[in-house]
Amino acid sequence: MTAPTDTASGAPGAGPAPEPGSAAGGVLGNVFGAPAAPAEPAAGAAAEEAAPEPEPFGLGSSPVRQDALPKALGVYPYAADLWAEGLLWGAVLRSPHPHARIVSVDATAALALPGVHAVVTAADLPSDHGGRAAGAPHGPVIADRPVLAAEVVRHQGEPVAAVAADHPDTARLAAAAVAVEYEVLEPVTDPEKSFHAGPLHPDGNLFRHLPLRFGDPDAVGDVVVEGLYQVGRQDPAPIGAEAGLAVPRPDGGVELHVASTDPHGDRDRAAACLGLEPDRVRLVVTGVPGATADREDLSFQVTLALLALRTGRPVKMALGREESFHAHAHRHPALLRYRHHADSLGHLVKVEAQILLDGGAYADVSSEALAAAAAFSAGPYVVPHVFVDAWAVRTNNPPAGRMRGEGALQACFAYESQLDKLAAKLGVDPLEIRRRNAMATGDLMPTGQAVTCPAPVGALLDAVAAEPLPPLPVDEPDTEWLLPGGPHGAGDPAAVRRGIGYAVGMVHMLGAEGADEVSTATVRVSGEQATVICAAVDAGQGFATLARQVVQDVLGVTDVWIAPVDTDQPAAGPTARGRQTWVSGGAVEKAALMVRHQLLQPIAANFGMSPELLQIADGKITSYDGVLGMPVSEALEGKELWATAQCRPHPTEPLDDAGQGDAFVSVAFCAMRAVVDVDIELGAVRVVDVTVAQDVGRALNPRQIEARIEAGVTQGVGLALLEELQAEDGRLVNPSFTGYRLPTALDTPEVRIAALLEERDVVASFGAKAVGAAPAVVAPAAVAAAVRAATGRPVTRLPVRPQDAVV
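Please read all numbers here as calculations on a predicted model, not as lab measurements.

Quick notes on the overall build of the protein
Thinking step 1. Along the protein, the regular secondary structure elements total 18 helices and 29 strands.
Thinking step 2. Against the globule reference of 28 Å for 807 residues, the protein gives a C-alpha radius of gyration of 28 Å, in line with a compact fold.
Thinking step 3. Counting only C-alpha atoms, the protein reaches 75 × 75 × 55 Å along its principal axes.
Thinking step 4. Considering only residue pairs separated by 6 or more positions, the protein has 79% of its internal contacts joining residues 24 or more positions apart.
Thinking step 5. Counting every atom, the protein has about 31600 Å² of accessible surface; 53% of that belongs to carbon and sulfur.

What follows is the structure in structure tokens.
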């Protein structure tokens, strides 16, 4: 099973990366900044100048990711590039209705087509305890979503049947030929009506109600502001759509090659859906093309495996763009009603809120998202009294699931909008009102949990405020300026107004409410090469680079190989909420330290000292007194050392009936200042500049942190101004990159890092905090605040529409 090696052959995929030193490798290496094949050095000083600079080494440095060049060249093998001998192609028939009862399914016409090898439906999956076809329901928290719909479809695009054929076009034609008779039912698409509608599922329409009660319900402030806010449906919008390959095994099991971000969880759930023991299913992680939740659709993986088991041949599936929009989960749309009380100086007294998340047709992680929305409903501010009711409900809208900062983002937009409203009513500067209420280490969250980690909210606000503002066009009249709407924007430059907005947000790291977070890693050293075996998926966040840096730092070796991820390795958990740096990075560090002890103990014994008196730095082992100095390579010669270790952070607890409890391992904070230009006649908005200050604990790889912040800001700007997956009566109206607008290079602002505050979290591995989610959470609120400042309009909805910015 390999990725294709010849693009001229017609097989999907790209050819191999040019070998170092080849003509192609030399030329392209210079283009992308990688070293080309060196020429013969000149003698003397010229030879010294030609020597390449050593690659950055260890924690705190910024080495280039090893997959950067092949990805830039387009030769990195993704799941869509996989190939196997005797390959069949899979296709899925999806429901055109948001809500309907399945009367019958007839595959006769599909099976009659030449080249069709199998058609599977819910009847081919294990039955429920009553012997009825249930479609093998599954889910990360609640098993309520069938792999293939059995009796009822609950959202448009829900899988009903799947086909395997010898050509992708034949598979698609055969899927369309499966005759399904539906009894169309009235969909419930308004989450507010879901409370009183008939049950859409045997489990009912309410996923969770979370009341949060903190302080005195009778407390009031001198000033009160209210608001109703709405957040639309954002899609992960992966550039690479879902794809994978399933291969049947001789023992009756199956091997899945997919871009999973939770291989062991997916393996276990897939095995349960197929009626197999977990050891009969092997999942190999293949080419994850970046992931912010879109790699968690288990239905796709189980259907693929079922077709391979039914046909006895490898089956590949690669979704089209429109199908991808239907297949994966999206960000929860939300309605948020807020009331803030403050004293006459702007100090917050009480926050009251009602939060409603539309979870779509199935539970997914709605319960987790709701917990974050409720717990962070008052933001990174000191509020003595907080009273919240939060609900997540079932509708016939597309399913919602995990996406950067789920729950926290929706709440951040609402509470930051309220702070702007309060500042305006009091006549206080928006930045100053945030400073007056800023949370600090030791303060209590509304859940009653103390913030024991560093919480430098005030310092973050000061850092963004200290950065100079970008110049106005009148200050630099000779510079070519972009107008809202792009180069040479259609509007009148005299109608352009500049606005400045501030926002602060917080996110939790790792799982919450009692989730058992654990990861296992093995470090093996043979000679001068180290190998890391850990099932933590690098979904673009750079874990593979971090693991390499950790081993380099601890053991002093430069050649570190990261083994590919599969479920034959011990579990490392899902790649989400920044957990891999903490949990898997911590496991790698522990294993590396154990190997270090094995290496140093006999050396120390020879010199009559403790191993703790030896250190490894700059590739050398040295003693505290300078007597011993030995290259690490010499000490490792002829040795093979290895160790396995686990990392498990301190436990958390579920929130109780009043929303109280130590539910989170730790939290991270981010502050932003957004500068926008708004054409107040056309409603066009251009984000000119976003300045970021972030609480990172410790900067393990500064360049990678900056890239993560830029990516989070870009995703947040997309939600603020452009991205909304629209549904009418439960039907998607813009499932394409033509209708669903993503930020381009012209929409992406200059992102300036004002500060990466390094106050180490003493309970976190390396003292580091998660980076990627916080900018995505804060950016929409900051951009909305800037539009509010430029126009004077309330801006209560994301994304901001042109009519919301017209004055």
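Here the narrative resumes, following the displayed structure.
A word on the layout of surface pockets
Thinking step 1. Each pocket or cavity is described by its volume, and for the second largest pocket that value is around 800 Å³.
Thinking step 2. Along the wall of the second largest pocket there are 39 residues; nearest its centre are Pro140, Glu368, Arg402, Pro574 and Arg577.
Thinking step 3. Taken together, the elements giving at least two residues each to the lining of the second largest pocket come down to helix 7 (263–274), helix 10 (366–375) and strand 16 (496–512).
Thinking step 4. Here the lining of the second largest pocket is composed, by residue class, of 14 nonpolar, eight polar and 17 charged.

What about the sheet that holds strand 13 (residues 334–342)?
Thinking step 1. Read across the sheet, six strands follow the order 7-15-14-13-8-29 without closing on themselves; strand pairing throughout is mixed. Every interior strand has two partners, whereas the edge strands, strand 7 (206–214) and strand 29 (797–798), have only one.
Thinking step 2. Each of strand 7, strand 14 (348–358) and strand 15 (385–393) is contacted by helix 10, which is oriented at about 20° to strand 7, the strand it contacts most.

So, helix 5 (residues 168–177)
Since the α-helix turns once every 3.6 residues, residues separated by three or four places project in the same direction.
Thinking step 1. Within the span of helix 5, buried status applies to Pro168, Thr170, Ala171, Ala174 and Ala175. One side of helix 5 carries all its buried residues, which in axial view fall inside an arc of 155°. Along helix 5, exposed side chains directed more than 90 degrees from the buried face belong to Leu173 and Ala176.

Notes on the side chain of Arg752
Thinking step 1. Within the secondary structure, Arg752 is located in strand 28 (residues 750–757).
Thinking step 2. Residues contacting Arg752, with those up to four places away along its chain left out, are Glu467, Pro468, Leu469, Pro470, Arg673, Asp689, Val690, Thr691 and Val692.

Let's talk about the pattern of salt bridges
Thinking step 1. A complete count under the given rule lists 40 salt bridges for this structure.
Thinking step 2. With a closest N to O distance of 2.7 Å, Arg788 and Asp420 form a salt bridge. Remark: Asp420 occurs in helix 11 (residues 408–426) and Arg788 occurs in helix 18 (residues 773–791); sequence separation between them is 368 residues.
Thinking step 3. By relative accessible area, Arg788 is classed as buried at 13%.
Thinking step 4. Since its relative accessible area comes to 11%, Asp420 is described here as buried.
Thinking step 5. In this structure, a network of salt bridges that share partners links the residues Glu368, Arg402, Glu406, Glu517, Arg577 and Arg579.

Observations regarding the pairing of strand 19 (residues 559–562)
Thinking step 1. The alternating pattern of strand 19 places Val560 and Ile562 on a buried face, while none of Asp559 and Trp561, on the opposite face, is buried.
Thinking step 2. Sheet topology note: the strand 18 (residues 529–534)/strand 19 ladder contains four bridges and is parallel. In the sheet register, Gln529 faces strand 19, and the bridge partner there is Asp559.
Thinking step 3. Between the parallel pair strand 18 and strand 19, the chain is carried across by helix 14 (residues 543–555), and the sense of this crossover is right-handed.

Some thoughts on the environment of Gln234
Thinking step 1. In this fold, Gln234 is placed in the loop between strand 8 (223–231) and strand 9 (243–248).
Thinking step 2. Exposure remark for Gln234: the relative accessible area of 1% places this residue in the buried category.
Thinking step 3. When the C-alpha positions of Gln234 and Met403 are compared, they lie 8.9 Å apart, and in sequence the two are 169 residues distant.
Thinking step 4. Each residue touching Gln234, except ones within four places of it in the same chain, is listed here: His330, Arg331, Met403, Gln715, Leu719, Glu723 and Tyr740.
Thinking step 5. Side-chain polar atoms of Gln234 contact the backbone oxygen of Gln715, separated by 3.2 Å.

Let's talk about a negative patch on the surface
Thinking step 1. Together, Glu528, Asp559, Glu634 and Glu637 give the surface a local cluster of negative charge.
Thinking step 2. Its place among the elements puts Glu528 in the loop between strand 17 (519–526) and strand 18.

Remarks on the packing of aromatic side chains
Thinking step 1. Going through the model one piece at a time under the given rule, you end up with eight aromatic pairs.
Thinking step 2. With a centroid separation of 5.9 Å and 85° between ring planes, the pair formed by Phe325 and Phe737 is classed as edge-to-face. One end of the pair, Phe325, is in helix 9 (residues 321–327); the other, Phe737, is in the loop between strand 27 (731–732) and strand 28, with 412 residues separating them in the sequence.
Thinking step 3. By relative accessible area, which is 33% here, Phe737 ends up partly exposed.
Thinking step 4. Lys71 extends its terminal NZ or CZ atom over the ring of Tyr76, reaching a point 4.8 Å from the ring centre.

Observations concerning the sheet that holds strand 25 (residues 684–695)
Thinking step 1. An order of 16-24-25-28 is seen for the four strands of this open sheet, with the pairing classed as mixed. Single-partner strands in this sheet number two, and they are strand 16 and strand 28. Averaged over all pairs of adjacent strands, the angle between strand axes in this sheet comes to 20°, irrespective of strand direction.
Thinking step 2. Sheet topology note: the strand 25/strand 28 ladder contains seven bridges and is parallel. Bridged to Thr691 within strand 28 is Arg752.
Thinking step 3. The strands touched by helix 13 (residues 457–466) are strand 16, strand 24 (664–679), strand 25 and strand 28; relative to strand 24, the strand with the most contacts, the crossing angle is about 25°.

As for the environment of Ala110
Thinking step 1. Looking at the secondary structure, you find Ala110 in helix 4 (residues 108–111).
Thinking step 2. Taking C-alpha positions, Ala110 is 7.9 Å from Leu173, a pair spaced 63 residues apart along the chain.
Thinking step 3. Leaving out residues up to four positions away in the same chain, Ala110 has contacts with Val116, Val119, Ala174, Ala177 and Val178.

A short note on the packing of helix 17 (residues 702–721) against helix 18
Thinking step 1. For the pair helix 17 and helix 18, interaxial distance at closest approach is 7 Å and the crossing angle is 45°. It follows from the interaxial angle that helix 17 and helix 18 lie oblique. Along this stretch, helix 17 crosses helix 18, giving a crossing that reads as right-handed. Seen from helix 17, the contacting residues are Ile709, Gly712, Val713, Gln715, Gly716, Val717, Leu719, Ala720 and Leu721; seen from helix 18, they are Pro775, Ala776, Ala779, Pro780 and Val783.
Thinking step 2. Taken together, the residues that form the contact of helix 17 with helix 18 break down as eleven nonpolar, three polar and no charged.

Structural notes on empty space enclosed by the protein
Thinking step 1. Inspection of the entire model under this criterion finds five cavities of 30 Å³ or more.
Thinking step 2. Its boundaries defined by the atoms lining it, the second largest cavity holds a volume of some 70 Å³.
Thinking step 3. What lines the second largest cavity is simply Met445, Gln449, Ala450, Val451, Thr452, Cys453, Phe664, Val665, Ser666 and Val667.
Thinking step 4. Among the residues making up the lining of the second largest cavity, the classes are represented as seven nonpolar, three polar and no charged.

Some words on the nonpolar core
Thinking step 1. One finds Tyr338, Phe376, Phe669, Met672, Leu721 and Val783 to be the most contacted residues of the largest nonpolar core, which totals 117 residues.
Thinking step 2. Judged by nonpolar contacts, the second largest core, of 85 residues, contains Val523, Ala572, Met630 and Ala645.

Remarks on helix 11
Thinking step 1. Here helix 11 contains 19 residues, and its C-alpha end-to-end distance of 27 Å stays within 8% of the 27 Å for a straight helix at 1.5 Å per residue.
Thinking step 2. Across the 19 residues of helix 11, 15 count as buried, placing the element largely inside the fold.
Thinking step 3. Following helix 11 by one or two positions, Gly427 has its phi on the positive side, about 70°.

Brief notes about the state of the cysteines
Thinking step 1. In the structure shown here, the tally under the stated rule is zero disulfides.
Thinking step 2. With no disulfide of its own, Cys412 lies closest to Cys670 among cysteine sulfurs, the gap being 8.9 Å.
Thinking step 3. Residue class for Cys412 comes out buried when judged on its relative accessible area of 0%.
Thinking step 4. The exposure class assigned to Cys670 is buried, which follows from its relative accessible area of 0%.

Conventions adopted
- Residues numbered from 1 in each chain as written.
- Predicted model: local features only at pLDDT ≥ 70, side-chain atom pairs only at ≥ 80, totals over all residues.
- Heavy atoms only, no water.
- Helix = DSSP H or I, 4+ residues; strand = E, 2+ residues; numbered from the N terminus.
- Rg over C-alpha atoms; globule rule 2.2 N^0.38 Å.
- Contact = heavy atoms within 4.5 Å.
- Areas by Shrake-Rupley, 256 points an atom, 1.4 Å probe, with all protein chains shown as cover.
- 1 Å grid on protein atoms, 1.4 Å probe; cavity = no way out; pocket = protein on both sides within 12 Å on 5 of 7 lines; lining within 4 Å.
- Points joined across faces, edges and corners; volume = space filled by probe spheres on them.
- Nonpolar A, V, L, I, M, F, W, Y, C, P; charged D, E, K, R; others polar.
- Pairing = 2+ DSSP bridges.
- Axes fitted to C-alpha atoms, helices over the stretch in contact; angles between N-to-C directions.
- Buried < 20%, exposed > 50% of the residue type's maximum accessible area, 1.4 Å probe, protein only.
- Arc of directions from axis to C-beta.
- Salt bridge = Lys/Arg side-chain N within 4 Å of Asp/Glu carboxyl O.
- Right-handed = clockwise from strand over helix to strand, strands pointing away.
- Polar contact = N/O pair within 3.5 Å; in protein donor to acceptor, adjacent residues only side chain to side chain.
- Patch = residues over 30% accessible without salt bridge, like charges linked within 9 Å, V, L, I, M, F, W, Y side chains within 5 Å.
- Lys, Arg positive; Asp, Glu negative; His and termini not counted.
- Charge placed at Lys NZ, Arg CZ, Asp CG, Glu CD.
- Phe/Tyr/Trp six-rings, centres within 6.5 Å; stacked < 30°, edge-to-face > 60°.
- Lys NZ or Arg CZ within 6 Å of the ring centre and 35° of its normal.
- Parallel < 35°, antiparallel > 145°, perpendicular 65-115°, else oblique.
- Left-handed = near helix turned anticlockwise from the far one by under 90°.
- Core = buried A, V, L, I, M, F, W, Y, C linked by side-chain atoms within 4.5 Å.
- Expected span 1.5 Å × (residues − 1).
- Disulfide = S-S within 2.5 Å.

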